[in-house]
Amino acid sequence: MSIDLSTFNFSEISNYWAYALGIAVSFYGTVSWFSSKHLSKESKEHLSLWLWGSYESTWLRQFCLLFDAVFGRRHLSWACFLRSSVASFITVFILYFLLGDILQEKGRIGVYLDTKDLIIYALILNVISDYLSLFETRWLLNKFSSISSIWNQLALLAFDALITAGIIWFAIEAYLFVLGKPAPSLVELVAVFSIFSIFFYSTFLTSIWAWLYCLSSWCVRLISKTRLNELLDIEHNPGRQIALIGGIAIFLIIAILFPFFKDSELSNTSLFDRYLCDTFPKATCDDLARLSTNEKQTLFFLEKNCDGGGLENCIIAASDYYLDDDGKKAADLYQKACEFGHPDGCKWAGWLYMTGFGVDSDYVRAIKFYDVACKADDLEACVNIGFMFENGAGVDQSYSAARDIYHLACERGALQGCNNLGYFYQEGKGVEKDIRKAKSLYEKSCNDEAVWGCNNLGGLYYKGLGVERDIQKMLHYNKMACDRDLTIGCDALGAIYLHGRGVPIDYQRALEYFQKSCSNNSMLGCSFLATMHASGQGVTKNLKKGLKLLTRACEHGSNLGCNLLKVHLANQKAQ
């Protein structure tokens, strides 16, 4: 993972290091004061001898006596179980009240637990788990008696961490399995993307004892076997030397780890988070995308999650690129989602290759993507295959094949298939012309999902095809289409009111419908709107605005816009 410190404010890092220095100095002052004021002369002598390494051979036994004083000598006893349980509750409460508000505020964990819930979770998840982990720690401490190598001790500590993690992870998995709820992955628990991370980390309280023993024994070895025992005033001020070493260690740990765990101002995520995303994209990148406050960074996390097999985020990232007019990137991600088995990815990849949006138009490739999606029961993709057979795009034109596909899609609930089949019956494409059948299919498809059916139904009433001509019904159905942002429905309504076809001329209504149509990128609507501005119909005459709208329509491929623009420019030149 490359580390880019440019995302961090170095003045802020300096302030943070000053804060770390303050903590280190406070630690040094507190420990020095305690040792000078509260340690007896005899205690100081023992501490000096310990630092000189005189007690190294007996240190493990003394440490185990301290451990037994806290938890009891007999592990399989009610006293040990009770003390372990009390320690579990205390640790859970400390972690939750120290970290809970911070993690919720950052959105890292979105669940709030009251005191009652916290007690119940700790009782169910931690009491037994921590008791088992405590037993494993007791075994580990005894094991250190035969292992003195630092590397072997580190290996044992790693083993302890794995066993402890496994114990509490199993408890969380079992609990959520009984409830029938999905369990967080081990990576999510470690990365603190779940409320259960609080209970996960609290179990490691038992492991702290093993670490304390190892760190203390390593510290004694470092001082006694190097010249530090000569440089430091161990004989007269052992407490102050421990305070000095501890203060330096605290400062260095904070200073080194800060860049890795400090949230970037740009994305609300840290370098460690991004390392997790690189290493475990499926488990973490989705949560990091949710946390990120930077759009570019969010998109990066979504793509990484997609690379790791997060199908839904392939679609989300592709859709974002599509909205940003980056069809090539969108096509790559849709294809990736398709390869991972997501039918929406196949369908939208097909659509991009069919329309040539951001990629070279490739009907054959589009058909292949649509076919995969259609076989996965994506009926919209099936309808699009029918459209390509209808128009001979990438395949030999075949009305009969298109008809069969539309018919099958309609029967399975794809209302756009019903509408397209209705149009076939209206025009006699691949079937005998049957306006009554067309009307029935249009009526079936006229709702929120397939507004084309409403528009075509309005067309039947306007023309009086198979029904009695009825302008009011035409207005009703076309308004349904227009209200659902089908621009051709708005264009039809605008033309009706502009020219007074079956209704009184109403420039204001015509203007409203053409404005809505043009704002939704209907170049026909923009052309009519331009004419109204240029001639002053329903608005103050504004030839400049009219020419601007016509130029836009012409540039976007409207023949009507281009022809009207030529007429207006010629008239302007003649004047």
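Just above sits the structure.
Residues numbered from 1 in each chain as written. Predicted model: local features only at pLDDT ≥ 70, side-chain atom pairs only at ≥ 80, totals over all residues. Heavy atoms only, no water.

**With respect to the overall build of the protein chain**
Turning to step 1, where the next piece is worked out: Helices and strands together make up the secondary structure of the protein chain, namely 29 helices and zero strands.
Turning to step 2, where the next piece is worked out: If you take every contact in the protein chain between residues at least 6 apart in sequence, the share linking residues at least 24 apart comes to 55%.
Turning to step 3, where the next piece is worked out: When the accessible area of the protein chain is evaluated, it comes to approximately 30,500 Å², of which 59% is carbon and sulfur surface. (Helix = DSSP H or I, 4+ residues; strand = E, 2+ residues; numbered from the N terminus. Contact = heavy atoms within 4.5 Å. Areas by Shrake-Rupley, 256 points an atom, 1.4 Å probe, with all protein chains shown as cover.)

**Looking at a negative patch on the surface**
Turning to step 1, where the next piece is worked out: A contiguous patch of negative charge, built from Glu295, Asp324, Asp325 and Asp326, is present on the exposed surface.
Turning to step 2, where the next piece is worked out: Here glutamate 295 shows up in helix α14 (residues 295-307).
Turning to step 3, where the next piece is worked out: Accessibility expressed as a relative area gives 73% for glutamate 295, which makes it exposed. (Patch = residues over 30% accessible without salt bridge, like charges linked within 9 Å, V, L, I, M, F, W, Y side chains within 5 Å. Salt bridge = Lys/Arg side-chain N within 4 Å of Asp/Glu carboxyl O. Lys, Arg positive; Asp, Glu negative; His and termini not counted. Charge placed at Lys NZ, Arg CZ, Asp CG, Glu CD. Buried < 20%, exposed > 50% of the residue type's maximum accessible area, 1.4 Å probe, protein only.)

**Concerning the pattern of salt bridges**
Turning to step 1, where the next piece is worked out: On inspection of all chains with the given rule, the structure shows 15 salt bridges.
Turning to step 2, where the next piece is worked out: Put simply, aspartate 68 and arginine 138 hold a salt bridge, and the shortest N to O gap is 3.0 Å. Here the residue aspartate 68 occupies a position in helix α3 (residues 59-71), and arginine 138 occupies one in helix α5 (residues 115-143), the gap between them amounting to 70 residues. Each member of the pair aspartate 68 and arginine 138 is classed as buried.
Turning to step 3, where the next piece is worked out: Across the salt bridge formed by lysine 516 and aspartate 485, the nearest N and O atoms sit 3.8 Å from each other.

**Some words on unusual backbone geometry**
Turning to step 1, where the next piece is worked out: Positive phi values are uncommon outside glycine, yet aspartate 377 reaches one of about 70°.
Turning to step 2, where the next piece is worked out: Looking at the secondary structure, you find aspartate 377 in the loop between α18 (363-375) and α19 (379-391).
Turning to step 3, where the next piece is worked out: Located in the positive-phi region is aspartate 485, a residue other than glycine, with phi close to 70°.
Turning to step 4, where the next piece is worked out: Considering the arrangement of structural elements, one finds aspartate 485 in the loop between α24 (471-483) and α25 (487-499).
Turning to step 5, where the next piece is worked out: Aspartate 485 sits in the partly exposed class, given a relative accessible area of 48%.

**Here's the deal with the packing of aromatic side chains**
Turning to step 1, where the next piece is worked out: Under the definition given, this model contains 28 aromatic pairs.
Turning to step 2, where the next piece is worked out: A centroid spacing of 5.2 Å and a plane angle of 45° characterise the contact between phenylalanine 67 and phenylalanine 71, whose relative ring orientation is tilted. You can see phenylalanine 67 and its partner phenylalanine 71 sitting in helix α3, four residues apart, about one turn around the helix.
Turning to step 3, where the next piece is worked out: Assessed through its relative accessible area of 1%, phenylalanine 67 is described here as buried.
Turning to step 4, where the next piece is worked out: On the basis of relative accessible area, phenylalanine 71 is assigned to the buried category, the value being 6%.
Turning to step 5, where the next piece is worked out: Members of the aromatic cluster, connected to one another through ring pairs, are Phe63, Phe67, Phe71, Phe144, Trp209 and Tyr213.
Turning to step 6, where the next piece is worked out: When the ring centre of tyrosine 462 is taken as origin, the NZ or CZ atom of arginine 469, which lies over that ring, is 4.8 Å away. (Phe/Tyr/Trp six-rings, centres within 6.5 Å; stacked < 30°, edge-to-face > 60°. Lys NZ or Arg CZ within 6 Å of the ring centre and 35° of its normal.)

**Concerning helix α26 (residues 507-519)**
Turning to step 1, where the next piece is worked out: In this model α26 runs 18 Å from its N-terminal to its C-terminal C-alpha over 13 residues, within 8% of the 18 Å that 1.5 Å per residue would give.
Turning to step 2, where the next piece is worked out: All of the buried residues in α26 are Ala510, Leu511, Tyr513, Phe514, Ser517 and Cys518.
Turning to step 3, where the next piece is worked out: If you follow the buried residues of α26, they end up packed against α24, α25, α27 (523-535) and α28 (543-555).
Turning to step 4, where the next piece is worked out: After α26 finishes, the residue asparagine 521 shows a positive phi value of roughly 70°. (Expected span 1.5 Å × (residues − 1).)

**Here's the deal with the packing of helix α13 (residues 281-291) against α14**
Turning to step 1, where the next piece is worked out: With their axes 8 Å apart at the nearest point, α13 and α14 run at an angle of 160° to one another. In this view, α13 runs roughly antiparallel relative to α14, as classed from their interaxial angle. Remark: the crossing between α13 and α14 carries left-handed chirality. Contact residues: Pro281, Lys282, Cys285, Asp286, Leu288 and Ala289 in α13; Thr298, Phe301, Leu302, Lys304 and Asn305 in α14.
Turning to step 2, where the next piece is worked out: The residue makeup of the contact of α13 with α14, split by class, is six nonpolar, two polar and three charged. (Axes fitted to C-alpha atoms, helices over the stretch in contact; angles between N-to-C directions. Parallel < 35°, antiparallel > 145°, perpendicular 65-115°, else oblique. Left-handed = near helix turned anticlockwise from the far one by under 90°. Nonpolar A, V, L, I, M, F, W, Y, C, P; charged D, E, K, R; others polar.)

**Section: a nonpolar patch on the surface**
Turning to step 1, where the next piece is worked out: Together, Leu82, Val86, Ile90, Ile94, Leu98 and Leu99 give the surface a local cluster of nonpolar side chains, amounting to about 550 Å² of exposed area.
Turning to step 2, where the next piece is worked out: Judged by relative accessible area, valine 86 falls into the partly exposed class, the value being 41%.

**Observations regarding empty space enclosed by the protein**
Turning to step 1, where the next piece is worked out: Applying the stated rule across the entire model yields two cavities of 30 Å³ or more.
Turning to step 2, where the next piece is worked out: Considered as a void within the structure, the largest cavity measures approximately 50 Å³ in volume.
Turning to step 3, where the next piece is worked out: In this structure, the largest cavity is lined by Phe71, Ser84, Ala87, Ser88, Asp130, Leu134, Ser202, Leu205 and Thr206.
Turning to step 4, where the next piece is worked out: Of all the elements, helix α4 (residues 78-105) adds the most residues to the lining of the largest cavity, at three residues.
Turning to step 5, where the next piece is worked out: Looking at the lining of the largest cavity, its residues break down into four nonpolar, four polar and one charged. (1 Å grid on protein atoms, 1.4 Å probe; cavity = no way out; pocket = protein on both sides within 12 Å on 5 of 7 lines; lining within 4 Å. Points joined across faces, edges and corners; volume = space filled by probe spheres on them.)

**Let's talk about the packing of helix α12 (residues 271-279) against α13**
When two helices pack together, their arrangement is given by the angle between their axes and by how far apart the axes lie.
Turning to step 1, where the next piece is worked out: At a closest axis distance of 6 Å, the pairing of α12 and α13 adopts a crossing angle of 135°. By the criterion of interaxial angle, the relationship of α12 to α13 is oblique. Here α12 runs over α13; the crossing is left-handed. Contacts between α12 and α13 pair Asp273, Leu276, Cys277, Asp278 and Thr279 from the former with Pro281, Thr284, Cys285 and Leu288 from the latter.
Turning to step 2, where the next piece is worked out: In terms of residue class, the contact of α12 with α13 is built from five nonpolar, two polar and two charged.

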